[in-house]
Amino acid sequence: MRKLLLAAICCITLTAVQPAQAGRKTDLRVAYTMRNMHIDKKTQAAFEPLLRQYLEEKKAATQAYEDLKDKYKAARKAGTITDSQATQLLDAKFKADAAELEVKRKWRPKFAEVLKPKHVYMAFDYSGDKMSKIEGSDKDE
């Protein structure tokens, strides 16, 4: 009975942690991007909601690939991925890359309404950095 209760508590905790983790990563990415762009407070206030919406849309555009990559994670690590799985991953990756590019093209004019062109570039550049760099654990900046 204790083991069953412990397992139930663990499951509830894990499902509660994943959405919180996703929000935390977005918050870190937004803070990192805003800090590195060196824009004034008024521009930051206008740009931050746009950046958050862009990041949500970008994540949604690549979600199918991320899910498939997670599905085959064990096979990829073990080196036992099949040709069929590899083809599925490649197709999903190319589709996700195209969808991400469309999202960037859509958001460029929206960013340009608030930012100067150099800051638009910086926004895309910094918001695309790896989490290891954002969290400060990436040594090759």
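Let me sum up the structure you'll find in this document. (Residues numbered from 1 in each chain as written. Predicted model: local features only at pLDDT ≥ 70, side-chain atom pairs only at ≥ 80, totals over all residues. Heavy atoms only, no water.)

### Some remarks on the overall build of the protein chain
Part 1: What the protein chain contains, in helices and strands, is six helices and zero strands.
Part 2: From first element to last, N terminus to C terminus, the protein chain shows the α and β order α-α-α-α-α-α.
Part 3: A total of 141 residues make up the protein chain; the buried ones form 28% of that total.
Part 4: When contacts within the protein chain are restricted to residue pairs at least 6 apart in sequence, those whose partners lie at least 24 apart make up 69%.
Part 5: When the accessible surface of the protein chain is summed, it comes to about 10000 Å², and 58% of that surface belongs to carbon and sulfur atoms. (Helix = DSSP H or I, 4+ residues; strand = E, 2+ residues; numbered from the N terminus. Buried < 20%, exposed > 50% of the residue type's maximum accessible area, 1.4 Å probe, protein only. Contact = heavy atoms within 4.5 Å. Areas by Shrake-Rupley, 256 points an atom, 1.4 Å probe, with all protein chains shown as cover.)

### Examining the environment of Asp-40
Part 1: Assignment of secondary structure puts Asp-40 in the loop between helix 1 (2–37) and helix 2 (41–71).
Part 2: Taking the relative accessible area as the measure of exposure, Asp-40 reaches 45% and is therefore partly exposed.
Part 3: Within the local environment of Asp-40, its side chain forms a polar contact with the backbone nitrogen of Lys-42, the two atoms lying 3.1 Å apart.
Part 4: A distance of 2.8 Å separates a polar side-chain atom of Asp-40 from the backbone nitrogen of Thr-43. (Polar contact = N/O pair within 3.5 Å; in protein donor to acceptor, adjacent residues only side chain to side chain.)

### Considerations on the nonpolar core
Part 1: Within the largest apolar cluster, 17 residues are counted, with the highest numbers of intra-cluster contacts made by Met-37, Phe-47, Leu-51, Tyr-54, Trp-107, Phe-111 and Leu-115.
Part 2: Counting only elements with at least two residues in this core, the list comes to helix 1, helix 2, helix 4 (83–112) and helix 5 (117–127).
Part 3: Residue contributions to this core peak at five residues, all from helix 2.
Part 4: Contact partners of Leu-51, with chain neighbours within four places excluded, come to Val-30, Thr-33, Met-34, Phe-111 and Ser-127. (Core = buried A, V, L, I, M, F, W, Y, C linked by side-chain atoms within 4.5 Å.)

### Re the side chain of Asp-129
Part 1: Counting through the fold element by element, Asp-129 comes out in the loop between helix 5 and helix 6 (131–134).
Part 2: Given the relative accessible area of 12%, Asp-129 is considered buried.
Part 3: Not counting the four nearest positions on each side in its chain, Asp-129 is found in contact with Arg-29, Tyr-32 and Ile-134.

### Description of the pattern of salt bridges
Part 1: Evaluation of the coordinates by the stated rule reveals ten salt bridges.
Part 2: Measuring nitrogen to oxygen at the nearest pair gives 3.2 Å for the salt bridge that ties Arg-105 to Glu-102. Of the two residues, Arg-105 and Glu-102 both sit in helix 4, three residues apart, roughly one turn of that helix.
Part 3: Given a relative accessible area of 46%, Glu-102 falls into the partly exposed group.
Part 4: Asp-129 is the partner of Lys-133 in a salt bridge, and the nearest nitrogen-oxygen pair spans 3.9 Å.
Part 5: By sharing partners, the salt bridges in this structure join Asp-27, Glu-48 and Arg-52 into a single network. (Salt bridge = Lys/Arg side-chain N within 4 Å of Asp/Glu carboxyl O.)

Spatial relationships are all this shows, so hold off on functional conclusions.
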